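Understanding the architecture of this molecule
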Amino acid sequence: MADESAERIAEFIKPLRVKPGAKVNLDRDFDPRYKAGLRKRDAAELLRTGVSLLAEYQERLAAQDTYGVLLCLQALDSGGKDGTIRHVMSGVNPRGVRVSSFKVPSGEELDHDYLWRYVRRLPERGEIAIFNRSHYEEVLVVRVHPENLVRQKLPDDARGPDVWDRRYREINNWERYLTDNGFKVVKIFLNLSKEEQRTRFLKRIDLPEKNWKFSAADVRERHRWDDYQYAFSEMLSATSTEWAPWYVVPADRKWFARICAAAVLAHTLMDIDPQYPSVGEQARKDLLVTKRELEEEAPAGAPADPYAARHPAAAQAASGRDTPTGGRRTSGTGRPARKKHC
C-alpha cells in the first residue's frame, strides 16, 4: 500500500517538477490556475490524507534521527506561503518542525557572506526546517534591486555581470553538500497570477481584520512584475537539480496549492523512508522487566496492559516475542489463562 501511495503521489507532482537543465519561461510553461482535474469539494479530504501521511513520516524521521529536511518556500507577495505552512503542517509534531522567516537582513547579517544567516537556521537531523522565503532571495529581490549588492559590502570585482551565474553555482554546490550529508532540500515556488495577486491585495484592504497584512511597498513591488517573472524563470532554470529540484505549484487556488505542497513534502519523506530504530537484546529485556513491574500495578479488575488487551494482535506483532509473563498466555488481566479441557 505504501508503494502504491508513493507512486500515486509521484505521478501527481510530476507536472510540477522543473526538469533539471530545462529553460523555464513561467508565462509559457506553468499555469497558475492548473488544478489537475480536482474539485474543491474534494480538497478537504485530500489535504487531511496528506497531513496524516506527513504526521506519520515526520514521527519516523524524528525517531530515526539520521536525515533532516529543508523546505524552501518562495512566492511573490500574497502568494500564500503562511497559509500553506499553517495548513500543511497542521498535523505534525511542532517539536519536530521549525519555521524561519527571512526579512531585510540586519547589520550583523550584512557583515557576513550572503548564505550565513540561512546556514544558522538549517535543520537538525530528525527535523523539518521551513524557510518562509529563503536563500533564493539573494538571486530574486537582490537581482530586481541590484542596489542591495552595495549594501552587502561586496568587493567591486564581486559585483560584476557574472554575479548571478556565480551565485547559482554556489547555491547548487551548497545544496549538493547538504544532500550529501543527509539533509534533503525541497523547493516549492507558489506561482501566482498577476490578477489573483491584485484580488488578494484588494481583499486585504476591504477587510479590516486583514488591513495589518497590507503594505504599500507590496504594491510598489508589483510594478516590477515582469522583472520578477524574469528573475524567477532564470532561477528555476539554473537551480533545479537532480539533488534539489524545484516544484512550481499553481497558487491561484489556495486549496490546490496546499494539496500540492503536502504531496511534494510527503514524496520527499517517503523517498527517505525513515524507520523506527530497533533496540538491542539487553535493552529489550530491560523493557520487559519494566513492563512486568507496570503490569503488577494494575488495579483489581483492570487489564494489566490496557493497550495489549484492546489490540492483542498488534501488541504481539510489535513485540515479536513471547509475552513478558514467561511465555504463558494471559487472560488480559495479567494472570495466566486457564487451560480449556476437551
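Residues numbered from 1 in each chain as written. Predicted model: local features only at pLDDT ≥ 70, side-chain atom pairs only at ≥ 80, totals over all residues. Heavy atoms only, no water.

**Comments concerning the packing of aromatic side chains**
Tallied over the entire structure, the rule returns nine aromatic pairs. Centroid distance Y118 to F131: 6.3 Å. Interplanar angle 45°. Geometry classified as tilted. Taken together, the residues Y118 in helix α6 (residues 116-119) and F131 in strand β3 (residues 128-132) connect sequence positions 13 residues apart. Residue Y118 shares its accessibility class with F131, and that shared class is buried. The positively charged end of R60 is found above the aromatic ring belonging to Y57, 4.4 Å away from the centroid. Of note, R176 hangs over the ring of W243, and the distance from its end group to the ring centre comes to 4.6 Å. (Phe/Tyr/Trp six-rings, centres within 6.5 Å; stacked < 30°, edge-to-face > 60°. Helix = DSSP H or I, 4+ residues; strand = E, 2+ residues; numbered from the N terminus. Buried < 20%, exposed > 50% of the residue type's maximum accessible area, 1.4 Å probe, protein only. Lys NZ or Arg CZ within 6 Å of the ring centre and 35° of its normal.)

**Re the nonpolar core**
The nonpolar side chains of soluble globular proteins are, as a tendency, buried together. One finds L54, V69, M89, I128, I130 and I188 to be the most contacted residues of the largest nonpolar core, which totals 42 residues. Counting only elements with at least two residues in this core, the list comes to α1 (2-13), α3 (43-64), β1 (68-75), α4 (81-88), β3, β4 (183-191), β5 (246-250) and α13 (254-272). With 14 residues, the single largest contributor to this core is α13. Setting aside anything within four residues of it in sequence, one finds I130 in contact with L71, L73, I85, M89, V97, R98, V99 and S100. Counting 38 residues, the second-largest nonpolar core is a separate cluster that includes L115, I171, W225 and M235. (Core = buried A, V, L, I, M, F, W, Y, C linked by side-chain atoms within 4.5 Å. Contact = heavy atoms within 4.5 Å.)

**Side note on the packing of α3 against α13**
Orientation of α3 relative to α13, taken along the N-to-C sense of each, is 30°, at an axis distance of 9 Å. Taken together, the axes of α3 and α13 lie roughly parallel to each other. When the axes of α3 and α13 are compared, the crossing they make is left-handed. Contacts from A43, L46, L47, L53, L54, Y57, Q58 and L61 of α3 reach α13 at W255, R258, I259, A262, L265, A266, L269, M270 and I272. Counted by class, the contact of α3 with α13 contains 15 nonpolar, one polar and one charged residues. (Axes fitted to C-alpha atoms, helices over the stretch in contact; angles between N-to-C directions. Parallel < 35°, antiparallel > 145°, perpendicular 65-115°, else oblique. Left-handed = near helix turned anticlockwise from the far one by under 90°. Nonpolar A, V, L, I, M, F, W, Y, C, P; charged D, E, K, R; others polar.)

**A word on α4**
Every buried residue of α4 is listed here: K81, G83, T84, I85 and V88. Its buried side turned inward, α4 meets α3, β1, β2 (97-101), β3, β4 and α13.

**A few points about the pairing of β4**
Counting buried positions along β4 gives eight out of nine residues, so the element sits mostly inside the fold. In this structure, β1 lies alongside β4, joined through eight bridges in parallel fashion. Each bridged residue has a counterpart across the sheet, and for Q74 the counterpart in β4 is F189. Bridge count for β4 against β5 is five bridges, and the pairing is parallel. When the bridges of β5 are listed, N191 appears paired with P250. (Pairing = 2+ DSSP bridges.)

**Some thoughts on the side chain of E138**
Note that E138 resides in the loop between β3 and α7 (141-144). Taking relative accessible area as the criterion, E138 reaches 5% and is therefore assigned buried. Only 2.7 Å separates the side chain of E138 from the side chain of Y118, close enough to count as a polar contact. Looking at E138, its side chain comes within polar contact range of the side chain of Q152, at 2.8 Å. E138 has contacts with Y114, R117, Y118, Q152, W164 and R167, leaving out every residue within four places of it along the chain. (Polar contact = N/O pair within 3.5 Å; in protein donor to acceptor, adjacent residues only side chain to side chain.)

**Observations concerning unusual backbone geometry**
The phi angle at D65 is positive, at roughly 60°, despite the residue not being glycine. If you trace the backbone, D65 turns up in the loop between α3 and β1. Its relative accessible area of 45% is what places D65 among the partly exposed residues. Phi is positive for S78, close to 70°, though the residue is something other than glycine. What makes S78 buried here is its relative accessible area of 9%.

**Here's the deal with a positive patch on the surface**
Among the surface-exposed residues, R86, K203, K213 and K254 lie close enough to one another that they form a single positively charged patch. Tracing the backbone shows R86 in helix α4. Owing to a relative accessible area of 54%, R86 belongs among the exposed residues under this scheme. (Patch = residues over 30% accessible without salt bridge, like charges linked within 9 Å, V, L, I, M, F, W, Y side chains within 5 Å. Areas by Shrake-Rupley, 256 points an atom, 1.4 Å probe, with all protein chains shown as cover. Salt bridge = Lys/Arg side-chain N within 4 Å of Asp/Glu carboxyl O. Lys, Arg positive; Asp, Glu negative; His and termini not counted. Charge placed at Lys NZ, Arg CZ, Asp CG, Glu CD.)

**Here's the deal with the sheet that holds β4**
One open sheet accounts for five strands, arranged β2-β3-β1-β4-β5; its pairing is parallel. The open sheet is flanked by β2 and β5, the only strands paired with a single partner. The mean angle between the axes of side-by-side strands here comes to 20°, regardless of whether they run parallel or antiparallel.

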